[in-house]
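Observations on the three-dimensional arrangement
Each chain is listed here by its residues.
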Amino acid sequence: MSPGPATALLAAVAIAGFLVDRVWALAAMTLVLVVVCVRAPVERRFMYIGGALFGALGVIVISPLTWSSGGGTLLWEGPTLPVIGPIDISTDEIHIAVVNGLRLAVVALAFSAYTLRVDHDRLVSAAGFARRSALAIALATRLVPTLERDAAGLSESVRGRGVELHGARGYATLLSPLVAGSLERATGLAEAMEARGFGRSGATRAPRPPWASMDYIALGCAVVLVGVAALWL
Amino acid sequence: MALASVTDLSFSYPGRIPAVRDLSLEIEAGQVVALLGPSGSGKSTLLRALAGLVPHFHGGTFSGRVVVGGLDTRTHGPADLAGTVASVFQDPEDQIVMTRVENEVAFGLENLGVPPAQIWPRTHASLAEVGAAHLAERRTVELSGGELQRVCLASALALEPQLLLLDEPTSQLDTEGADAFLVHVEQARCAVVLSEQRVDRALAIADRVIMMEEGRIVLDAPIDDARAWLTTRRPRYAGGLTALDPRQQPPVGAPLVRLDEVGFSYGSGPDVLRGESLLVHRGEIVALEGPNGSGKTTLSKIAAGLLQPGSGTMNREGRATYLSQEPGRHLVRETALDEVALGVNGDEALAAAALERFGLSFATCRHPRDLSSGERERLAIASVSVSEPDLLVLDEPTRGIDPDRKAALSEWLVEQAESGRGVLVATHDPLLPAHRRVRLGRPLEIPVAV
């Protein structure tokens, strides 16, 4: 599938995730997206899929405790805490938590599928009127694994001197050098791009294969999905 | 008429002392020029001036004149010069733009406005030229450093430049990767200026040698004359370093770290190590050798205590510190003093003494990232040695450093061993001093004198 229609379809799924409030529909979208992400290379996919699903699980487990709906069947009643108020769990709260958790999973997995499966280069080429913006987005997306490696290198550098990093505060001290390092990388990349003629007038595009019938179907599905989600789900 | 001419070029980066002074030279079409010199001697600045990046990208104070392919760099920026000139920089990761290899090579051609029908044929021809045709469909994040640098070379050659500028392109590569890269450079059908710290390899393909020191050209001669000059004036640059003078084998001290039948894999990935054993005593330098992927880095980290073996045992007496690859990228504090003091619980007196020992007293209050690459590396070494560990573990410490710094590092390693420390060095460098060389990948241990 061409990257344009694939991105449109994933964006439609993410939008539908916000519009839909039926659990079965959200669960179905989550399942389909997991299947899509699982087809990515093994060494990259688990961080994305795991992050999305654990985040969703966190919402489902924690959010019923943080507010009181006042409706549904009361399943458990706990103490009243300062600021937070009464702690209880009702069927309404569980239902809403599941909906919100699945929504988060759908949006995060749609982004994961975009990152893992879409050919960002072809997307940049397809962006006729906003090529620079599309390139900036593609480069930002590519920066994620680089930052991950740099962060691991910084942590290793500190531990290699016999210094242990403790807790969030310890790791937060690496944030500033991480940002400084990424700025250095960005400057190096900008220099290399300029040396290769980026920004020169009269740029051309390498020819790309034309859209296949699957691409038109995907685009149609994207429109239908948002429409159905808005009107019936 | 010369392809490129530089006349009375002087340049200072903003707020810095001049990086190059009064340079004049000409480069003829088809010439292969080896550009030698220690770190900070102005080689990169000269290359950037030839590409128009100095002064257009960096700013600063520029005087003199640089003309390449008839284009004066004062009036034509790097984008105008692209195509006439092509550059490959040190770190391939900092120059890759696209996510797929063939798109990466096509990127420059698209920018130059090459007719669309010619882009894919030129892309694939260029990849084939550097032996990377099989990588065309691969994602760039999945490639090794050597493969990435070959893709960068293919991206440069696809532009069909008249002048190819290579700024220490093999500094991130292992020996095999560097050799393969330079074979392809030799076959390029254009003038080449190659800044390279693997001097013997650069001299093997060069027609002419330019040597720079402190921003000035101290040698500009055909290869044979240059070899003679280097042999008498700069012997460390004349065909590479020779092994250090043999010294007496030190008395073997007590065992410091012993690894028995160690196995390791990252997550659910394949085994990186299978049943490897290693012993390092006090007072000895052990060089850990082996091809890429043989597990040198992993075994070093296990010896330093940064990784736990998946199987087998590791026993270590005393403290160990570990210097990672590219240590200059992994500095974490706001001043050089704080950086070194981190390893000794903030003891500034000890840190200041270590800075002085490594000739970095001037940098005490400076931000580590304001230092040159060579100074950063010295700072990193000061940071891991300040706490006077029992075992020093260093991962590829000579990669990309000039012959003078390599000689200084070798001397320092010997001093560390003589003072009773154990030193474990993962390296591809056969000339680094070692009492024993342990090769991963096959059961071979070669005793040698330091």
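Residues numbered from 1 in each chain as written. Chains lettered and ligands numbered in written order. Predicted model: local features only at pLDDT ≥ 70, side-chain atom pairs only at ≥ 80, totals over all residues.

**Here's the deal with the overall build of chain A**
As a reminder of what qualifies: Helix numbering and strand numbering both begin at the N terminus, where a helix is a DSSP run of H or I of at least 4 residues and a strand a DSSP run of E of at least 2. Once C-beta atoms are placed from the backbone, each residue is buried if 20 or more other C-beta atoms lie within 10 Å of its own, exposed if 12 or fewer, and partly exposed for counts between those two. Residue pairs are scored as contacts if the distance between their C-beta atoms, which are placed from the backbone, is within 7 Å.
Counting secondary structure elements, chain A contains nine helices and two strands. Each helix and strand of chain A, ordered N terminal to C terminal, gives the series α-α-α-β-β-α-α-α-α-α-α. C-alpha extents for chain A along the principal axes are approximately 65 × 60 × 30 Å. Here chain A holds 233 residues, and 29% of them are scored as buried. Contacts spanning at least 24 positions in sequence make up 70% of the contacts within chain A whose residues lie at least 6 apart.

**Looking at the interface of chain B and chain A**
Selection rule: Gly counts as polar in this scheme, as do all residues outside two lists: the nonpolar Ala, Val, Leu, Ile, Met, Phe, Trp, Tyr, Cys and Pro, and the charged Asp, Glu, Lys and Arg.
Facing the 49 residues of chain B at the interface are 41 residues of chain A. Contributing elements (two or more residues each) for the side of chain B that touches chain A: α3 (78–81), α4 (101–112), α5 (116–129), β15 (320–323) and α13 (373–385) of chain B. The element that contributes the greatest number of residues to the side of chain B that touches chain A is α4 of chain B, accounting for seven residues. Taken together, the residues of the side of chain B that touches chain A break down into 26 nonpolar, 15 polar and eight charged.

**Considerations on the sheet that holds strand β14 (residues 311–316) of chain B**
All names here are of chain B. Quick reminder of the rule: Pairing between two strands is assigned when DSSP locates at least 2 bridges connecting them. What counts as an axis is a line fitted to C-alpha atoms, over the stretch in contact for a helix, and the angles between N-to-C directions run from 0 to 180 degrees.
Within the open sheet, the three strands sit side by side as β12-β11-β14. Their pairing is antiparallel. With one partner strand each, in any of the chains shown, β12 (271–281) and β14 form the two edges of the open sheet. Averaged over neighbouring strand pairs, the angle between their axes works out to 10° when direction is ignored. Where strand β11 (residues 255–265) and β14 come together, five bridges link them in antiparallel fashion.

**Examining the pairing of strand β17 (residues 422–426) of chain B**
All names here are of chain B. Keep this limit in mind: Handedness of a crossover is defined as follows: with both strands directed away from the viewer, a clockwise route from the first strand across the helix to the second makes it right-handed.
Among the five residues of β17, five are classified as buried, and the element is accordingly described as predominantly covered. Judged by which residues are buried, β17 turns out to be covered on both faces: G422, L424 and A426 on one side and V423 and V425 on the other are all buried. In terms of strand pairing, strand β13 (residues 285–289) meets β17 through four bridges, oriented parallel. Its bridge partner lying in β17, L288 is registered against A426. As a crossover connection, the stretch from strand β16 (residues 391–395) through helix α14 (residues 403–418) into β17 is right-handed.

**Looking at helix α6 (residues 145–158) of chain B**
Residue and element names in this part refer to chain B. This is how it is decided: The length a helix should cover is 1.5 Å for every residue beyond the first.
The first and last C-alpha atoms of α6 sit 20 Å apart over 14 residues, in line with the 20 Å expected at 1.5 Å per residue. Of all 14 residues that make up α6, 13 are buried, and the element is covered over most of its length. Just beyond α6, the residue with positive phi is E160, at close to 50°.

**Let's talk about the nonpolar core**
Residues and elements named next belong to chain B. The cut-off we apply is this: For the purposes of this analysis, a nonpolar core is taken to be any set of buried Ala, Val, Leu, Ile, Met, Phe, Trp, Tyr and Cys residues that are connected through C-beta atoms within 7 Å.
Within the largest apolar cluster, 87 residues are counted, with the highest numbers of intra-cluster contacts made by V33, L50, L163, L164, V192, V193 and L194. Considering each element in turn, this core owes the most residues, eight residues, to α6. Those residues in contact with L164, other than ones at most four positions away along the chain, are A86, A156, A188, C190, A191 and V192. Among the nonpolar cores identified, the runner-up in size contains 57 residues, and L307, L355, V425 and A426 belong to it.

**Section: the environment of R138 of chain B**
All names here are of chain B. Considering the arrangement of structural elements, one finds R138 in the loop between α5 and α6. Using a count of 16 C-beta atoms within 10 Å as the deciding quantity, one classes R138 as partly exposed. A sequence separation of 24 residues divides R138 from Q162, and the C-alpha atoms of the two residues are 29 Å apart. Those residues in contact with R138 that lie beyond four places of it in its chain are V101 and L143.

**Thoughts on the sheet that holds strand β1 (residues 4–12) of chain B**
All names here are of chain B. Ordered by their spatial adjacency, four strands build an open sheet running β2-β1-β4-β5, and the pairing between neighbours is antiparallel. Only two strands of the sheet have a single partner each, and these edge strands are β2 (18–27) and β5 (71–72). Bridge count between β1 and β2: six bridges; the pairing is antiparallel. When the sheet's bridge partners are listed, L9 is paired in β2 with L23. Sheet strands in contact with helix α1 (residues 43–51) are β1, β2 and β4 (61–68), and its direction is about 120° off that of β1.

**Comments concerning the domain arrangement of chain B**
For clarity, the cut-off: Bear in mind that the domain bounds are from an automatic or database domain assignment.
Examined at the domain level, chain B breaks down into domain 1 (4–237) and domain 2 (255–447). The partner domain 2 of chain B presents 14 residues to the 14 residues of domain 1 of chain B that form the contact.

**A closer look at the confidence of the model for chain B**
All names here are of chain B. The cut-off we apply is this: On a scale of 0 to 100, pLDDT captures the predictor's confidence in every residue.
The predicted model of chain B has a mean per-residue pLDDT of 88, with 94% of residues at 70 or higher. Below pLDDT 50 for its whole length, residues 442–450 participates in 19 contacts with residues either more than four positions away or in separate chains. Quick note on the complex model: pTM equals 0.79, ipTM equals 0.83.

**Side note on the environment of E213 of chain B**
All names here are of chain B. With respect to the helices and strands, E213 occurs in strand β9 (residues 208–213). Measuring from C-alpha to C-alpha, the distance between E213 and T140 comes to 36 Å, with 73 residues separating the pair along the chain. With residues up to four places along the chain from it excluded, the contact list for E213 reads G37, P38, S41 and V218.

**A closer look at unusual backbone geometry**
Glycine aside, residues mostly have negative phi, and peptide bonds are mostly found in the trans state. All names here are of chain B. Here V54 and P55 are connected by a cis peptide whose omega angle stands at 10°. Checked against the element boundaries, P55 lands in helix α2 (residues 53–56). Even without glycine at this site, E396 takes up a positive phi of about 50°. C-beta crowding within 10 Å serves as the criterion here: with 21 such atoms nearby, E396 is assigned to the buried category.

**Remarks on the pairing of strand β8 (residues 191–195) of chain B**
Residue and element names in this part refer to chain B. Counting buried positions over the five residues of β8 gives five, a clear majority of the element. Two elements, strand β3 (residues 32–36) and β8, share four bridges in a ladder whose sense is parallel. By the bridge assignment for β8, L35 is matched with S195. Of the strand pairs in this sheet, strand β7 (residues 163–167) and β8 are connected by five bridges, and their pairing is parallel. Within β8, the residue paired with D167 across the bridge is S195.

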